[in-house]
Amino acid sequence: MKTQHPLFSLFSLLTLLSPLFLLLILLRPTAAAASSAPASNNTDFIRSSCGATLYPELCYTSLAGYASAVQEDPARLARIAIAVSLTRVRSATRYLLNASRRADYGPDPRAAAAAHDCVSVFGDATDQIRGSLRQMRRLGSGGESLQFQMSNVQTWMSAALTNEETCTDGFEDVGDGDVKTDVRERVVKVKQVTSNALALVNSYASKVTTP
């Protein structure tokens, strides 16, 4: 029996865990300060901030685990919300790739076309959310104004949400079936997380760019 090279196994493991590593790297600079505020204050801050989103309970449950890193910093909260959104979009993209292959062998060619379109627009959404996260980590640097930087983040997150909505819109004329049901249910959850991240970005932007 052929023995798998240990370096290949390590690479495969790192690929699977890349979203987790992204969050760990993102949160690392805040770890030293994590104990400076009571945990209840941190979670209360997240609960209160999530009140500005369309899906406050989902917002809270998806972000409460990062309370010690967020503390009561709206910029960190927005940044972590974007990172969580990116992780969800990447996971959904992998799922959509499998769904598109499954749809290729299904009876409705419209389902296959819609699934392939979803893979494409989710690729765009991934790039846009990644760009937003990169910009959030560079706030105040690069010689650009904070207002300009936040405008970029808002534009890209809004575009990502539009791309996710385009995916579900593409199934409007597709007959009912497993692929349509599964894709729509999965994408709706991703849209909600992205919507919440955008709301937190908008909330932070309004605080730091208002004259």
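Just above, that's the structure.
Report on the accompanying structure. (Residues numbered from 1 in each chain as written. Predicted model: local features only at pLDDT ≥ 70, side-chain atom pairs only at ≥ 80, totals over all residues. Heavy atoms only, no water.)

1. Focus: the overall build of the protein chain
Counted only if it meets this: Elements are defined by DSSP. Helices are runs of H or I of four residues or more, strands are runs of E of two residues or more, and each kind is numbered from the N terminus. The classification of residues rests on relative accessible area computed with a 1.4 Å probe and restricted to protein chains. Under 20% of the type maximum is buried, over 50% is exposed, and intermediate values are partly exposed. Here, two residues are considered to be in contact whenever any of their heavy atoms come within 4.5 Å of each other. Using a 1.4 Å probe, accessible areas were evaluated by the Shrake-Rupley method; residue-level cover was limited to the displayed protein chains.
Scanning the protein chain for helices and strands turns up 8 helices and 0 strands. Scored against the burial criterion, the 211 residues of the protein chain give a buried share of 42%. Across the protein chain, contacts joining residues at least 24 apart in sequence account for 73% of those joining residues at least 6 apart. Total accessible area on the protein chain is roughly 11,300 Å²; 56% of this is exposed by carbon and sulfur atoms.

2. Brief notes about the layout of surface pockets
What counts here: Two kinds of site are reported from a 1 Å grid over the protein atoms alone, namely cavities, where a 1.4 Å probe fits but cannot get out, and pockets, open sets with protein on both sides within 12 Å along at least five of seven lines, and residues are called lining when an atom falls within 4 Å of a point. Grid points are joined across faces, edges and corners, and a volume is the space filled by probe spheres set on the points. All residues other than Ala, Val, Leu, Ile, Met, Phe, Trp, Tyr, Cys, Pro, Asp, Glu, Lys and Arg, Gly among them, are scored as polar; the first ten of these are nonpolar and the last four charged.
If you add up the space inside the largest pocket, you get close to 180 Å³. Contributing to the lining of the largest pocket are 13 residues, with Pro-107, Ala-111, Gly-177, Asp-178 and Val-179 lying nearest its centre. Residue assignment for the lining of the largest pocket shows that the elements contributing at least two residues are α5 (74-104) and α8 (178-209). When its residues are assigned to classes, the lining of the largest pocket shows 5 nonpolar, 3 polar and 5 charged.

3. Digging into the state of the cysteines
To be explicit about the condition: Whenever a pair of cysteine sulfur atoms sits within 2.5 Å, that pair is classed as a disulfide.
Within the structure shown, the criterion is met by 2 disulfides. Each sulfur in the disulfide pair Cys-50 and Cys-59 lies 2.0 Å from the other. Between Cys-50 and Cys-59 the disulfide shows an S-S torsion of about -70 degrees. By sign, it is left-handed. In this structure, Cys-50 and Cys-59 share a single accessibility class: buried. Bridging Cys-118 to Cys-167, the disulfide has an S-S length of 2.0 Å.

4. Comments concerning unusual backbone geometry
If you check the backbone angles, Gln-71 has positive phi at about 55 degrees while not being a glycine. The residue Gln-71 is located in the loop between α4 (67-70) and α5 in this model. Among the residues examined, Gln-71 registers a relative accessible area of 11% and is labelled buried.

5. Focus: helix α6 (residues 109-136)
Selection criterion: Working rule for helices: expected span equals 1.5 Å times residues minus one. Identification of polar contacts relies on pairs of N or O atoms within 3.5 Å, with a donor-acceptor requirement for protein atoms, meaning one able to donate a hydrogen and the other able to accept it, and with residues adjacent in sequence counted only if both atoms are side-chain atoms.
An ideal rise of 1.5 Å per residue puts 40 Å on 28 residues; α6 measures up with 41 Å between its terminal C-alpha atoms. Of the residues that open α6, the one with a side-chain oxygen 2.9 Å from the backbone nitrogen of Arg-110 is Asp-108.

6. A closer look at helix α7 (residues 146-169)
Its 24 residues place the ends of α7 34 Å apart at the C-alpha level, agreeing with the 34 Å of an ideal helix rising 1.5 Å per residue. As for α7, its buried residues are in contact with α5, α6 and α8.

7. Considerations on the pattern of salt bridges
Note the following rule: By salt bridge we mean one thing: a side-chain nitrogen of Lys or Arg within 4 Å of a carboxyl oxygen of Asp or Glu.
Enumeration over the complete set of coordinates arrives at 7 salt bridges. Where Arg-47 meets Glu-57, a salt bridge forms, and the shortest distance between an N and an O atom there is 3.0 Å. Taken together, the positions of Arg-47 in helix α2 (residues 39-50) and Glu-57 in helix α3 (residues 56-63) put the pair 10 residues apart, joining distant regions of the chain. Taking the relative accessible area as the measure of exposure, Glu-57 reaches 46% and is therefore partly exposed. The residue Arg-102 makes a salt bridge to Asp-182 at a minimum N-O spacing of 3.6 Å. Taken together, the residues span a long stretch of sequence, with Arg-102 in helix α5 and Asp-182 in helix α8 at a distance of 80 residues. On the basis of relative accessible area, Arg-102 is assigned to the partly exposed category, the value being 37%. Under the relative-accessibility criterion, Asp-182 is labelled partly exposed at 29%.

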